[in-house]
Amino acid sequence: LLTEALGDYDIGGMTRLYHYSKSGEERLTLDPDYFLEHRHSYSRRDYEASDLPRVFFYTNLDHAERMVKEGSSLFTVFAPTEQVYDLTQDPLDLIKKSIVPGRVTPDVDLILRSLAGTPRESKYGPAQDTIDGLDEAGFRGAFYRTGNMDIVVWFDSIEVEKFNPNDVESGGGKNEG
């Protein structure tokens, strides 16, 4: 099977991201905190792995599930590829670094929180650590494969615009930061 990497979606340093929404607006600002509170059943498994607020995007429209597309409009934005960490290639070995003694699986929450620069708050003491070496990395998203879908999760608010099939170059919504 052919496995896509983030670089396969890179167009001149940018990666096109797709998001479905029931909104009738031409432009939207997608806020990760909104999706934490208003998540859908189809993203529940992802939130079980980590409750870090994030916006989910497709990188390949062929991967979009029918239940997500039904009754929704397609929105898009170009995001700088360098701001998205490729977990399928994992050049910084974050998956390996997240595995703590006594566990055999990666700590997805630790990986995403480290990339986002958002350590988990603790009710009982200081915030938990993040994986070293990412403080200045500037990642705003992560690319990974789940099931047969290539996904980007984005950690910040991001502006998207309605996809115009007659102008495939459109979609240059602004990243807010």
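Structure: see above.
Residues numbered from 1 in each chain as written. Predicted model: local features only at pLDDT ≥ 70, side-chain atom pairs only at ≥ 80, totals over all residues. Heavy atoms only, no water.

S.K.: Go over the pattern of salt bridges, please, and point to the residues and values.
M.R.: Here the idea is simple: oppositely charged side chains can pair when their charged atoms come close. Overall, the coordinates contain nine salt bridges when judged by the stated rule. The closest approach of N and O atoms between Asp51 and Arg113, which form a salt bridge, is 3.0 Å. Here Asp51 is found in the loop between helix 2 (44–49) and strand 4 (55–58), whereas its partner Arg113 is found in helix 5 (residues 108–116), with 62 residues between them in sequence. You can call Arg113 buried: its relative accessible area is 9%. The salt bridge partner of Asp51 is Arg120, with a shortest N-O separation of 2.6 Å. Here Arg120 lies in the loop between helix 5 and strand 7 (141–146) and Asp51 lies in the loop between helix 2 and strand 4, a separation of 69 residues in the sequence. (Salt bridge = Lys/Arg side-chain N within 4 Å of Asp/Glu carboxyl O. Helix = DSSP H or I, 4+ residues; strand = E, 2+ residues; numbered from the N terminus. Buried < 20%, exposed > 50% of the residue type's maximum accessible area, 1.4 Å probe, protein only.)

S.K.: An account of the side chain of Ser21 is needed here, citing residue identities and associated values.
M.R.: Assignment of secondary structure puts Ser21 in strand 2 (residues 14–21). A polar side-chain atom of Ser21 sits 3.1 Å from the main-chain amide nitrogen of Ser23. With residues near it in sequence (within four places) discarded, Ser21 still touches Leu28, Ser72, Ser73 and Phe75. (Polar contact = N/O pair within 3.5 Å; in protein donor to acceptor, adjacent residues only side chain to side chain. Contact = heavy atoms within 4.5 Å.)

S.K.: An account of the environment of Val168 is requested, with residue identities and associated values reported.
M.R.: Secondary-structure assignment places Val168 in the segment after strand 9 (158–162). Sequence separation between Val168 and Thr76 is 92 residues, and the spatial gap between their C-alpha atoms is 9.9 Å. Those residues in contact with Val168 that lie beyond four places of it in its chain are Arg16, Phe78 and Phe163.

S.K.: So what about helix 5? Which residues, and what values?
M.R.: Most of helix 5 sits inside the fold, with seven of its nine residues counted as buried. Among the residues making up helix 5, those that are buried are Asp109, Leu110, Ile111, Leu112, Arg113, Ser114 and Leu115. Of the residues flanking the start of helix 5, the one acting as N-cap is Asp107, its side-chain oxygen 3.2 Å from the backbone nitrogen of Asp109. Following helix 5 by one or two positions, Gly117 adopts a phi angle in the positive range, close to 70 degrees.

S.K.: I'd like a description of the environment of Gln89, backed by residues and values.
M.R.: In this fold, Gln89 is placed in the loop between strand 6 (84–86) and helix 4 (94–98). Taking the C-alpha atoms as reference, Gln89 lies 9.7 Å from Gly7; in sequence the two are 82 residues apart.

S.K.: Which residues make up the nonpolar core, and what values do they have?
M.R.: Among the nonpolar cores identified, the biggest contains 24 residues, and Tyr58, Leu94, Leu115, Ala142, Ile151, Val153 and Phe155 are the most heavily contacted of them. Looking at this core, the elements that each hand over two or more residues are strand 2, strand 4, helix 5, strand 7 and strand 8 (149–154). Here this core gets four residues from one element, more than from any other, and that element is helix 5. Beyond its immediate stretch of four places on either side in the chain, Leu94 contacts Tyr85, Ile111, Leu115, Ile131 and Leu134. Residues Leu17, Phe57, Phe143 and Val160 belong to the second largest nonpolar core, which totals 17 residues. (Core = buried A, V, L, I, M, F, W, Y, C linked by side-chain atoms within 4.5 Å.)

S.K.: Any details on the side chain of Thr76? Residues and values, ideally.
M.R.: By the secondary structure assignment, Thr76 is in strand 5 (residues 73–80). Here Arg16 takes part through its side chain, which lies 2.8 Å from a polar atom of the side chain of Thr76.

S.K.: I'd like to hear about unusual backbone geometry, residue by residue, with values.
M.R.: With a phi close to 45 degrees, Asp90 is a non-glycine residue in the positive phi region. Considering the arrangement of structural elements, one finds Asp90 in the loop between strand 6 and helix 4. The phi dihedral of Asp93 is positive, around 55 degrees, even though this residue is not glycine. With respect to the helices and strands, Asp93 occurs in the loop between strand 6 and helix 4.

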